Every structure is written in structure tokens, then in C-alpha cells.
Amino acid sequence: MPCQYGCAVVYPVFDPIKQQFHRLKPCWPSASDFSNLASRLSQPLIRPTPPASACYPPSHPSGDCTDVLAHLDDGPWRDNLPGAMQSINFESFTFDNGTINACYYNTTLGYPCDQGNIPIIGVDARTVGDIQAGVSFAAKHNLKLVIKNTGHDYLGRSMARGGFMLWTHNLKNITYNERFVQDGAPSNSPTYQALTLGGVSNGVRLMGPLPQHVTTPMANGFSVNIISPFTSLTRTIPPNHHGLSQRQILLISQSLRLQ
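Conventions and cut-offs
- Residues numbered from 1 in each chain as written.
- Predicted model: local features only at pLDDT ≥ 70, side-chain atom pairs only at ≥ 80, totals over all residues.
- Heavy atoms only, no water.
- Helix = DSSP H or I, 4+ residues; strand = E, 2+ residues; numbered from the N terminus.
- Buried < 20%, exposed > 50% of the residue type's maximum accessible area, 1.4 Å probe, protein only.
- Contact = heavy atoms within 4.5 Å.
- Areas by Shrake-Rupley, 256 points an atom, 1.4 Å probe, with all protein chains shown as cover.
- Disulfide = S-S within 2.5 Å.
- Pairing = 2+ DSSP bridges.
- Axes fitted to C-alpha atoms, helices over the stretch in contact; angles between N-to-C directions.
- Polar contact = N/O pair within 3.5 Å; in protein donor to acceptor, adjacent residues only side chain to side chain.
- Core = buried A, V, L, I, M, F, W, Y, C linked by side-chain atoms within 4.5 Å.

Peer 1: Got a minute to help me understand the overall build of the protein in this structure?
Peer 2: The secondary structure content of the protein amounts to 5 helices and 9 strands. Put simply, the protein runs from its N terminus to its C terminus through helices and strands in the order β-β-α-α-α-β-β-β-α-β-β-β-β-α. When the 259 residues of the protein are sorted by exposure, 37% land in the buried category. Put simply, 58% of the contacts in the protein that link residues at least 6 apart link residues at least 24 apart. Of the roughly 15100 Å² of accessible surface on the protein, 53% is carried by carbon and sulfur atoms.

Here is the structure:
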């Protein structure tokens, strides 16, 4: 099973020479392990927190609780927070016995603010190298890896209690190529007007770099991501003239090599 932060499980280390388990090693990476990871990243490690944590303790809130409550249903505001989901129920965790671990927006309930289902640490991925380093680290330490962009996964898979987060929300590079030709194509191949997208967060951002005479078959809301470098998931409605935007994809490039 994947290692999770706070787990009581310790894993025996097998000695292939003596053919025996000779010591125990805690499953969660050490501070030194995380420090080594941080040295390989373009951005500091992130420590996602529940959005409602700004409202605790209720007697002396640690942040701007009024602002948090004012944006409770604000999708674009929520997608900029690594610890927020668009459906707030996925921020909480329910144990097998029915008890709930969460940080409630309603502080009058009298419960403390807990981490809930939100990973405590992760990578703010801005480059391919960040993604490679984060995935390799999770694989090496057997961590439960969750990938989050805007928090729209309606099965809650971009959150996991005790997990390790790869936050792709800031992979927002967008480039326009007026005469795109796929690498290795014959010299007489047709060219296409094309966009190369990173982890674009919403359609409003996408429309900015488009020349005025270029139209796009993509359509979505203000906070929904269009395409992710991992899932290649395009959210659209069927336009009348161009068809589904999935059919307009010219090339999907995956730059993930574990090191």
C-alpha cells in the first residue's frame, strides 16, 4: 500500500545478503529527503492548507476569514488554491467508523480545524523538470500521488489524505504557431494554425494569445481547465461548425521520463 503521512505503519527493510528483515524504517520521507527534492525544483515545495483554516481559531482568526467566506462559491478563486476543491465535500475525510476529519467553514460547529483529505505537501509544477522530479520522488518513496489543477475532479481524485500533490495549475504556457507541422512529417505535409498548451486553467486565459482572425472550437467556464499535460482531457460543448475540440488535437506530447 502507498505510504501516507501520519501512518502508523513502518516498513521492514529486507537485507538481501542475510535474507532477513533486520530493521524498521518509517515510511514517510525525512526532512532531508524533502530538502533534496526542493533543490531540484524551480519553485519551493507547497504545503496545501484547508481554505477555511483562515477562520481558525474562531476567537482570533489566523487569516482573512471574511474574504474566505465571501468567495466560498467563487470557482476562479478556489482554483488558485492548492488546498481547495470546487466541491468542498472532497476537502474532508471520512473514516471507516463514520467520524469526519475536516476544517469546517462554519466555525460555530465547535470542531477544530483539521487537514481533512488535503495532502500536506507537494510540488508547484512550472516545468517538465518539476513534473519529472515530483513523480520520481513519489515513486521512490511509494507515496500516494495526486495530480491537481483546478480541483474539478468530481470523483475527488485530486485530493488524498496523507498524499503527495503534484499541482499543475501554474503550467500555463501557451504558444501560437501559424504553420504547425509535426516533427518527422514529409516535406510536402499540410500546415495548420495551432496552439501548444500547458496546464491551461480556463478559456478566458486561452483567448488572450489568439490572433483576431483565429477561432477556437473550445468552450468552457471561467474556472475549468481545458487541457492537462497528464490527462489530455478537453472540456467542450459541441460547436456547430468545427465539431468537438478533441478532434482538433494535432499532437499530444508526453515529456515524462522517470530519473
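Peer 1: Help me understand the state of the cysteines, please; the structure alone is not making it clear to me.
Peer 2: A disulfide bridge is the covalent bond that connects two cysteines by way of their sulfur atoms. Tallied over the entire structure, the rule returns 2 disulfides. With its sulfur 2.0 Å from that of its partner, Cys103 forms a disulfide with Cys113. Looking along the S-S bond of the Cys103-Cys113 disulfide, the torsion reads about -105 degrees, which is the left-handed sense. Here Cys103 is found in the loop between strand E4 (100-101) and strand E5 (121-124), whereas its partner Cys113 is found in the loop between E4 and E5, with 10 residues between them in sequence. In this structure Cys103 comes out as buried when scored by relative accessible area, which is 9%.

Peer 1: Looking at this structure, how should I read the sheet that holds strand E7 (residues 164-167)?
Peer 2: Pairing between sheet strands relies on hydrogen bonds along the backbone, with the strands arranged either parallel or antiparallel. With parallel pairing, the 3 strands of this open sheet are ordered in space as E5-E7-E6. Both outer strands of the open sheet, E5 and strand E6 (145-148), are each paired with one neighbouring strand and no more. Strand-to-strand twist of the sheet, defined as the mean angle between neighbouring strand axes without regard to direction, takes the value 25 degrees. Pairing analysis gives 4 bridges linking E5 to E7, with the strands arranged parallel. Counted as the bridge partner of Ile121 is Phe164 from E7. Contacts from helix H4 (residues 128-140) reach E5, E6 and E7, with the element oriented near 165 degrees to E7.

Peer 1: Even after reading the chapter, I still don't get the side chain of Asp124, so can you show me in this structure?
Peer 2: With respect to the secondary-structure elements, Asp124 resides in strand E5. Within polar-contact distance, the side chain of Asp124 engages the side chain of Arg126 at 2.8 Å. Among the polar contacts listed, one links the side chain of Asp124 to the side chain of Asn170, at a separation of 3.0 Å. For Asp124, the residues in contact, after removing those within four places along its chain, are Gln43, Pro44, Ile46, Asp130, Trp167 and Asn170.

Peer 1: Looking at this structure, I do not really get the nonpolar core. What am I missing?
Peer 2: As a rule of thumb, soluble globular proteins bury nonpolar side chains together. Ranked by size, the top nonpolar core spans 19 residues in total, and within it Phe34, Leu37, Leu45, Val123, Leu143 and Phe164 carry the most contacts. Among the elements of the structure, helix H1 (31-38), E5, H4 and E7 are those that each provide at least two residues to this core. With 5 residues, H4 is the single largest residue contributor to this core. Once residues within four sequence positions are removed from consideration, Leu37 is found in contact with Leu45, Val123, Ala133, Phe137 and Phe164.

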